[in-house]
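# Understanding the architecture of this molecule
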Amino acid sequence: MKNSATGTPLFRQRSMALATLAAVLLLAGCASESSVMGSGATVTASDKTRMTDSGFLSDYARLKPAPGGEGAECWRDPKLDARKYDKVLISRIVVSLVPPRDKSEPQTIDPSDLKTLTDYFHDSLVKALKPQMQVVDQAGPGVLVMRIALTDLVPTKVSDSLAGTLIPYGFVVEAGSGAATGRPAGSTPYMGETGMEMQFRDGGSGVILGECRDTEIGRKYAADVDGSTVGAAQTWASGYLNSFQAWSYAKNAFDKWSLLVAKRLGELRGVRQ
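Residues numbered from 1 in each chain as written. Predicted model: local features only at pLDDT ≥ 70, side-chain atom pairs only at ≥ 80, totals over all residues. Heavy atoms only, no water.

With that out of the way, let us pick up the packing of aromatic side chains. Throughout the structure, instances matching the rule amount to 4 aromatic pairs. Seen from their ring centres, Phe-121 and Phe-254 are 4.5 Å apart, and the 10 degrees between their planes marks the pair as stacked. One end of the pair, Phe-121, is in helix H3 (residues 111-129); the other, Phe-254, is in helix H7 (residues 248-269), and 133 residues separate them in sequence. Both residues of the pair, Phe-121 and Phe-254, belong to the buried class. (Phe/Tyr/Trp six-rings, centres within 6.5 Å; stacked < 30°, edge-to-face > 60°. Helix = DSSP H or I, 4+ residues; strand = E, 2+ residues; numbered from the N terminus. Buried < 20%, exposed > 50% of the residue type's maximum accessible area, 1.4 Å probe, protein only.)

Moving on, we get to the packing of H3 against H7. Viewed as axis vectors pointing N to C, H3 and H7 meet at an angle of 30 degrees, and their least axial separation amounts to 9 Å. For the element pair H3 / H7, the angle class is roughly parallel. Relative to H7, H3 is oriented so that their crossing is right-handed. Mapping the contact onto sequence places Leu-117, Tyr-120, Phe-121, Ser-124, Leu-125, Ala-128 and Leu-129 in H3 and Ala-250, Lys-251, Phe-254, Asp-255, Trp-257, Ser-258, Leu-259, Val-261, Ala-262 and Leu-265 in H7. Partitioned by chemical class, the residues of the contact of H3 with H7 number 13 nonpolar, 2 polar and 2 charged. (Axes fitted to C-alpha atoms, helices over the stretch in contact; angles between N-to-C directions. Parallel < 35°, antiparallel > 145°, perpendicular 65-115°, else oblique. Left-handed = near helix turned anticlockwise from the far one by under 90°. Contact = heavy atoms within 4.5 Å. Nonpolar A, V, L, I, M, F, W, Y, C, P; charged D, E, K, R; others polar.)

A separate point is H7. Here H7 contains 22 residues, and its C-alpha end-to-end distance of 32 Å stays within 8% of the 32 Å for a straight helix at 1.5 Å per residue. Among the 22 residues of H7, 16 are classified as buried, and the element is accordingly described as predominantly covered. Phi turns positive one or two residues past the end of H7, at Gly-270, with a value near 70 degrees. (Expected span 1.5 Å × (residues − 1).)

With that out of the way, let us pick up the state of the cysteines. Applying the stated criterion to the full structure yields 1 disulfide. The disulfide partner of Cys-74 is Cys-212, and the S-S distance across this bridge is 2.1 Å. With the S-S dihedral at roughly 115 degrees, the linkage between Cys-74 and Cys-212 falls on the right-handed side. With Cys-74 in strand E3 (residues 73-76) and Cys-212 in strand E9 (residues 208-218), this residue pair connects regions lying 138 residues apart in the sequence. Here Cys-212 falls in the buried class, since its relative accessible area comes to 14%. (Disulfide = S-S within 2.5 Å.)

And the structure:
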């Protein structure tokens, strides 16, 4: 006997969603876990309209788009000789959240989530910096002190992402919604975002050597236009899978910043990466 339920629009929508997820998971199975979940290089994108001014940094007016900074704004002392520093101290990461932009949805974050996120960012920085610099727990001569504040944390609305998946061809509208609303291409209004402000000081004198800030937006439909076909597929799969987890884009942003910091310090110190 034929089941009439299989002919309903809801059934067809759910079937389409399952088929889409199955395709993504198949792509994921062809790659390593790290490449599937992403390093943050293309799964998040910088949004200059959401840069924060929390008061954590000393002078926001002198921040400018950094060459090779993927959208981050930075300043550094022109007299800086980075070769003087062979050790780094990553200070305890603090959180200074801006008021929510949408007053109708006050932002609350579970304290355990905050600890998980700050621990993750710290560990990501240690992993990225350790190959070129000794990570220490005390300031002093030859030590570069990194001070970091998370200034904007918005989780992905997973329920909205699931709802969008159930709409036939909904991804076509979603994929173009970011650019249409002034957000990064491939993002949607319910994607998470993460703001960061970072300061570098001399471990002996306390003099400020450099400052940076950035806000990254999650991209559900991330594209790797410069990569291979397989790489592009893995990037797309990573962005899509992360849209169903509240804080995955924040972790991608942390990994992205960690790699950028390590790369830039390596260049300034003349160390091959």
